[in-house]
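Chain by chain, the residues:
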Amino acid sequence: METPPLVEPAALLDIHDAGYVAFLAEAAKAWAALPEKGPEVVANMHPSPEMLAQGARLTSSILARTGWYTADTACPIGPGSWESILSAASCALAAAGSVSAGGGLAYALSRPPGHHAYAARAGGHCYVNNSALAAERLRRGGAARVAIIDIDAHHGNGTQGIFWEREDVLTVSLHGDPAGYYPWYVGYDEERGGGRGLGHNHNLPLPRGSGDEAWLAALSHAIERSQAFRPDALVIPLGFDASEQEPLSFLKVTRDGFARAGALLAGLGLPTVLVQEGGYNVDLIGSLLLSFLDGWHGR
């Protein structure tokens, strides 16, 4: 196990908007300077579609910036958040750099997670999209085409948004049906990408309570989509919140299911970056990771 050095914030600009990165870096200090404030940076208003249609504008106020740059209230920022955000991104970028240089498999223990983060908006406990950064680093490291297969229990809406019009990155997400699960508004099977990216985004929503067989069938379908794309490298946003032992569980995947998933994904035979995403039963994540890796290595 290695702890990579922190990357410069400029490294995030491969994926993220400069104003957004500056907000993440500055938010805690700017919030602390307010005369009356809560303990964490949390929006009290977000620009609505009606406001945006009428020309809503961003101002320098930390209150306005917080609403502008966050999608929900599940992404508070505190005094140590920026350091954690940058550390998580550094892990993902280091793993991608290792795979670009030498192939094989690398795992990034990135927390906070990232797949709900858009290019300029945090949400769902996610601030910087670590998996998207890894995919872009692989692209710039020589992989002409990169596939992302997201097995987190929630739809990777931020990743979908970032690559929506890209034809060099395939995004596939299997997740709980957003009709009854976060992020609620996107993640449906008819969302296929736009512009040059049309046909390069695929969603595989699953009903509440789906267990190993339904989940692995969806994963097999995701793998078929990836094979048709013929990628040079793979990124797996590796969420374990599909576990049957997860608090607030929507899906019911067993330990054996994660091992079988590892074996299936290893069968693609691609240079691969695993990026830790969800999973909130902290006493369980390590053992599920070992099960996944045992499956990957055929143990």
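Rules and cut-offs
- Residues numbered from 1 in each chain as written.
- Predicted model: local features only at pLDDT ≥ 70, side-chain atom pairs only at ≥ 80, totals over all residues.
- Heavy atoms only, no water.
- Helix = DSSP H or I, 4+ residues; strand = E, 2+ residues; numbered from the N terminus.
- Contact = heavy atoms within 4.5 Å.
- Areas by Shrake-Rupley, 256 points an atom, 1.4 Å probe, with all protein chains shown as cover.
- Polar contact = N/O pair within 3.5 Å; in protein donor to acceptor, adjacent residues only side chain to side chain.
- Buried < 20%, exposed > 50% of the residue type's maximum accessible area, 1.4 Å probe, protein only.
- Phe/Tyr/Trp six-rings, centres within 6.5 Å; stacked < 30°, edge-to-face > 60°.
- Lys NZ or Arg CZ within 6 Å of the ring centre and 35° of its normal.
- Pairing = 2+ DSSP bridges.
- Right-handed = clockwise from strand over helix to strand, strands pointing away.
- Axes fitted to C-alpha atoms, helices over the stretch in contact; angles between N-to-C directions.
- Core = buried A, V, L, I, M, F, W, Y, C linked by side-chain atoms within 4.5 Å.
- Lys, Arg positive; Asp, Glu negative; His and termini not counted.
- Salt bridge = Lys/Arg side-chain N within 4 Å of Asp/Glu carboxyl O.

**Notes on the overall build of the protein chain**
- Within the protein chain, the regular secondary structure consists of nine helices and six strands.
- If you line up the protein chain on its principal axes, its C-alpha atoms span 60 × 45 × 40 Å.
- Partitioning the contacts of the protein chain with sequence separation of at least 6, the portion at a separation of at least 24 is 76%.
- With an accessible surface of roughly 13,000 Å², the protein chain has 55% of that area assigned to carbon and sulfur atoms.

**Focus on the environment of S90**
- Its location among the elements puts S90 in helix 4 (residues 81-102).
- Along the primary structure S90 and A108 are separated by 18 residues, whereas in three dimensions their C-alpha atoms are 8.9 Å apart.
- Setting aside anything within four residues of it in sequence, one finds S90 in contact with P4, P5, L6 and V7.
- Polar contacts involving the side chain of S90 include one to the main-chain carbonyl oxygen of L86, which spans 2.8 Å.

**Concerning unusual backbone geometry**
- The step from R111 to P112 runs through a cis peptide bond, and the omega angle for that step is 10 degrees.
- Looking at where P112 falls in the secondary structure, it is placed in the loop between strand 1 (105-108) and helix 5 (130-140).
- Here the bond from Y182 into P183 is cis, since omega is 10 degrees, no more than 30 degrees from zero.
- Of note in the backbone geometry, H125 takes a positive phi value of approximately 70 degrees without being a glycine.
- Using a relative accessible area of 41% as the deciding quantity, one classes H125 as partly exposed.
- In this model, R230 sits at a positive phi of 55 degrees, which is unusual for a non-glycine residue.
- Under the relative-accessibility criterion, R230 is labelled exposed at 66%.

**Things to note about the environment of A33**
- With respect to the helices, strands and loops of the structure, A33 is situated in the loop between helix 1 (18-32) and helix 2 (49-53).
- Separated by 29 residues in sequence, A33 and I62 place their C-alpha atoms 9.8 Å apart.

**Some details on the packing of aromatic side chains**
- Across all of its chains, the model carries six aromatic pairs by this definition.
- On the numbers, 5.7 Å between centres and 50 degrees between planes, the contact of Y20 with Y69 is tilted. Of the two residues, Y20 is situated in helix 1 and Y69 in helix 3 (residues 62-69); the sequence distance between them amounts to 49 residues. For the pair formed by Y20 and Y69, the shared burial category is buried.
- If you follow R145 out to its NZ or CZ, it ends over the ring of F229, 4.0 Å from the centre.

**Observations regarding the pairing of strand 5 (residues 233-238)**
- Within strand 5, six of the six residues are buried, which leaves the element mostly enclosed by the surrounding structure.
- Judged by which residues are buried, strand 5 turns out to be covered on both faces: A233, V235 and P237 on one side and L234, I236 and L238 on the other are all buried.
- By the bridge criterion, three bridges tie strand 2 (residues 146-150) to strand 5 in an arrangement that is parallel. Across the sheet, the residue bridging to A147 is L234, located in strand 5.
- Regarding topology, helix 8 (residues 255-266) serves as the crossover connection from strand 5 to the parallel strand 6 (residues 272-276), and that connection is right-handed.

**As for the sheet that holds strand 2**
- In spatial order, the strands read 1-6-5-2-3-4; together these six strands make up an open sheet with parallel pairing. Of all strands in the sheet, those bounded by a partner on one side alone are strand 1 and strand 4 (201-206). In this sheet, adjacent strand axes meet at a mean angle of 15 degrees when their direction is disregarded.
- Looking at chain direction, strand 3 (residues 169-176) and strand 4 are connected through six bridges and run parallel. Bridge assignment links T171 to a residue of strand 4, and that residue is N201.
- On top of the sheet, helix 7 (residues 212-229) reaches strand 2, strand 3 and strand 4; it is set at about 175 degrees to strand 3, its chief contact.

**Here's the deal with the nonpolar core**
- Membership of the largest hydrophobic core comes to 44 residues, with the highest contact counts inside it found for L24, L138, V235 and V273.
- Secondary structure elements with two or more residues in this core: helix 1, helix 3, helix 4, strand 1, helix 5, strand 2, strand 5 and strand 6.
- Setting aside anything within four residues of it in sequence, one finds V273 in contact with A95, A96, V99, A106, A134, L138, L234, V235 and I236.

**A few points about helix 3**
- Buried residues of helix 3: I62, R65, T66, G67 and Y69, and no others.
- Of the surrounding elements, those touching the buried residues of helix 3 are helix 1.
- Here helix 3 starts with a cap whose side-chain oxygen sits 3.1 Å from the backbone nitrogen of L63, and that cap is S61.

**Considering the side chain of E246**
- By the secondary structure assignment, E246 is in the loop between strand 5 and helix 8.
- Buried charged residue E246 carries no salt bridge. Nearest counter-charge: R111, at 7.3 Å.
- Apart from residues no more than four positions distant in its own chain, E246 is found in contact with F240, D241, G279, Y280 and N281.

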